[in-house]
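Geometric and topological summary
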Amino acid sequence: MVATIPKAEIHCHIEGAASPELVRHVGARHGIDLSGLFDDTGAFAWHDFTSFLGAYDRASAVFRTPEDYRDLTFTYFSSLAAEGAIYGEVFISSDHALASGLSYRDYVEGLAQGIRDAEAATGIVGRMIATGVRHYGPARILVAAETVVNEPHPLVTGFGVAGDERMHHPRDFADAFRIAGEAGLGLTVHAGEFGGPESVRDALDHLGVSRIGHGVRAIEDPDLVRRIVDEDIVLELCPGSNVALGLYPDIASHPFARLRDAGVRVTVSSDDPPYFGSSIGAEYGWLASDLGLSHADLAEATRTSIEAAFVDAPTRARLLARLEG
Ligand code: ADE
Ligand code: ZN
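Cut-offs and rules
- Residues numbered from 1 in each chain as written.
- Chains lettered and ligands numbered in written order.
- Predicted model: local features only at pLDDT ≥ 70, side-chain atom pairs only at ≥ 80, totals over all residues.
- Heavy atoms only, no water.
- Helix = DSSP H or I, 4+ residues; strand = E, 2+ residues; numbered from the N terminus.
- Rg over C-alpha atoms; globule rule 2.2 N^0.38 Å.
- Buried < 20%, exposed > 50% of the residue type's maximum accessible area, 1.4 Å probe, protein only.
- Contact = heavy atoms within 4.5 Å.
- Areas by Shrake-Rupley, 256 points an atom, 1.4 Å probe, with all protein chains shown as cover.
- Donors = N, O, S within 2.8 Å, 3.2 Å for Na, K, Ca; no water.
- Tetrahedral: all angles 85-135°; square planar, octahedral: opposite > 155°, others 65-115°.
- Near = heavy atom within 4 Å.
- Polar contact = N/O pair within 3.5 Å; in protein donor to acceptor, adjacent residues only side chain to side chain.
- Nonpolar A, V, L, I, M, F, W, Y, C, P; charged D, E, K, R; others polar.
- Pairing = 2+ DSSP bridges.
- Right-handed = clockwise from strand over helix to strand, strands pointing away.
- Core = buried A, V, L, I, M, F, W, Y, C linked by side-chain atoms within 4.5 Å.

**Comments concerning the overall build of the protein chain**
A count of helical and extended segments in the protein chain gives 14 helices and eight strands. Computed over its C-alpha atoms, the radius of gyration of the protein chain comes to 18 Å, within 12% of the 20 Å expected for a compact globule of 325 residues. Seen through its principal axes, the protein chain has C-alpha atoms that stretch 50 × 45 × 45 Å. For the protein chain, with 325 residues in total, the buried portion stands at 56%. In the protein chain, once contacts between residues fewer than 6 apart in sequence are set aside, the share between residues at least 24 apart is 73%. By element, 53% of the accessible surface of the protein chain is carried by carbon and sulfur atoms, the whole surface being about 12,100 Å².

**Thoughts on the coordination of the zinc ion (ligand 2)**
Those donors, His-11 (NE2), His-13 (NE2), His-190 (NE2) and Asp-271 (OD), are the protein atoms that reach the zinc ion (ligand 2), and they lie 2.1 to 2.3 Å from it. Its four donor atoms give the zinc ion (ligand 2) angles of 87 to 175° at the centre, a pattern that matches the irregular case. Each donor residue of the zinc ion (ligand 2) lies on one chain, and together they are spaced H-x1-H-x176-H-x80-D. Taken together, the residues His-190 in strand S5 (residues 186-191) and Asp-271 in the loop between strand S8 (265-268) and helix H12 (280-291) connect sequence positions 81 residues apart. Here the two residues His-190 and Asp-271 agree in accessibility, since each one is buried.

**Side note on the site of ligand 1**
Taken together, His-13, Phe-49, Phe-52, Tyr-56, Ala-162, Gly-163, His-190, Glu-193, His-214, Asp-271 and Asp-272 are the residues near ligand 1. Side-chain polar atom of His-13 to a nitrogen atom of ligand 1: 3.5 Å apart, as the coordinates give it. The leading source of residues in the shell around ligand 1 is helix H2 (residues 49-60), at three residues. Partitioned by chemical class, the residues of the shell around ligand 1 number four nonpolar, four polar and three charged.

**Some remarks on the pairing of strand S7 (residues 234-237)**
By the alternation rule, side chains of S7 split into Val-234 and Glu-236 and Leu-235 and Leu-237, which are all buried. When strand S6 (residues 211-214) meets S7, the two strands line up parallel, connected through three bridges. From the neighbouring strand, Arg-211 faces S7, where its bridge partner is Val-234. Handedness of the crossover is the feature at issue here: the chain leaves S6, passes through helix H9 (residues 222-230), returns alongside S7, and the resulting connection is right-handed. Bridge count between S7 and S8: four bridges; the pairing is parallel. Residue pairing across strands places Leu-235 opposite Val-266, the latter belonging to S8.

**As for the environment of Ala-218**
Summarising the element assignment, Ala-218 is placed in the loop between S6 and H9. The buried category is assigned to Ala-218, whose relative accessible area is 0%. Taking the C-alpha atoms as reference points, Ala-218 and Gly-195, 23 residues apart in sequence, are found 9.8 Å from one another. Ignoring any residue separated from it by four or fewer positions in sequence, one finds Ala-218 in contact with Pro-197, Leu-224, Val-225 and Ile-228.

**A word on the nonpolar core**
With 89 residues, the main nonpolar core has Val-23, Ile-92, Tyr-107, Met-128, Phe-159 and Ile-212 as its most contacted residues. Here this core gets seven residues from one element, more than from any other, and that element is helix H5 (residues 104-122). If we skip the residues at most four places from it in the chain, Ile-92 touches Ile-14, Tyr-104, Tyr-107, Val-108, Leu-111, Met-128, Ile-129, Ala-130, Thr-131 and Val-156. Among the nonpolar cores identified, the runner-up in size contains 12 residues, and Ile-10, Val-125, Ala-308 and Val-311 belong to it.

Written as structure tokens, this is what we have:
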């Protein structure tokens, strides 16, 4: 049933989409020591959110050249298309590029080439959301926002913040979101993943976002759920990620359906798929098998992703038309 549903995902970190095989391959190309990064089965080794973020940073550091990043987006977007996706939006990070010794411009051009090549090969449409990393601190998040505004690129259409939401307060990032918003970028922020409902409320109070990355813990506060509905905020839900990182014991316990039933506009994405044993097809499949979502329910999640996507009006109309056909 799931294979035939047109899909879209709007919450995936491009460095977090690199498979262990690709990381080993690119790491070998550059002679990088990767000892300790993998477990006995060859998967990424991590056991909690902090060690996940550490493994993520180490794996990201193997990507050094525009060609490496081109291969990363081409591989990721081609695999999305192979699972029936028509649209994908990825988080990118100028901080991770700089750590690899690459300028923002070279990084974005490499990523964009892979997106264009994947569209030419499969028809999938892609966009990028520049992010600051919360645990690197507010000063670097401001630099990330200034960088994306000062060096605009047609495929970079959003700005956001990812990383460890247990650190800092959204008001510390308000200037970064203000300048990104004034430049016309779509805005989203990770909240309500490891932070409670108050982290979602603080993000809404201070950052002017139209979407929240995760936001799933809003379910713990009915007033907040009502506010999310009233303000038409879209949640980028990533059930497989939430289970892998221990927020919920299994998909059957995930509040995806409860949030949707309360009137929240929900979408489904894979976050960092190889770390969590996930993919966009797997996420749709789990929602069908473990939460009983129907074909129509899942098609509605795809439609919401396209409606909330950070794209120009003609592109959105073209994507919505593909859902009809
Ligand atoms: N960066 C990559 N994946 C993330 C996640 N699930 N939460 C916060 N920051 C991230
Ligand atoms: Zn994320």
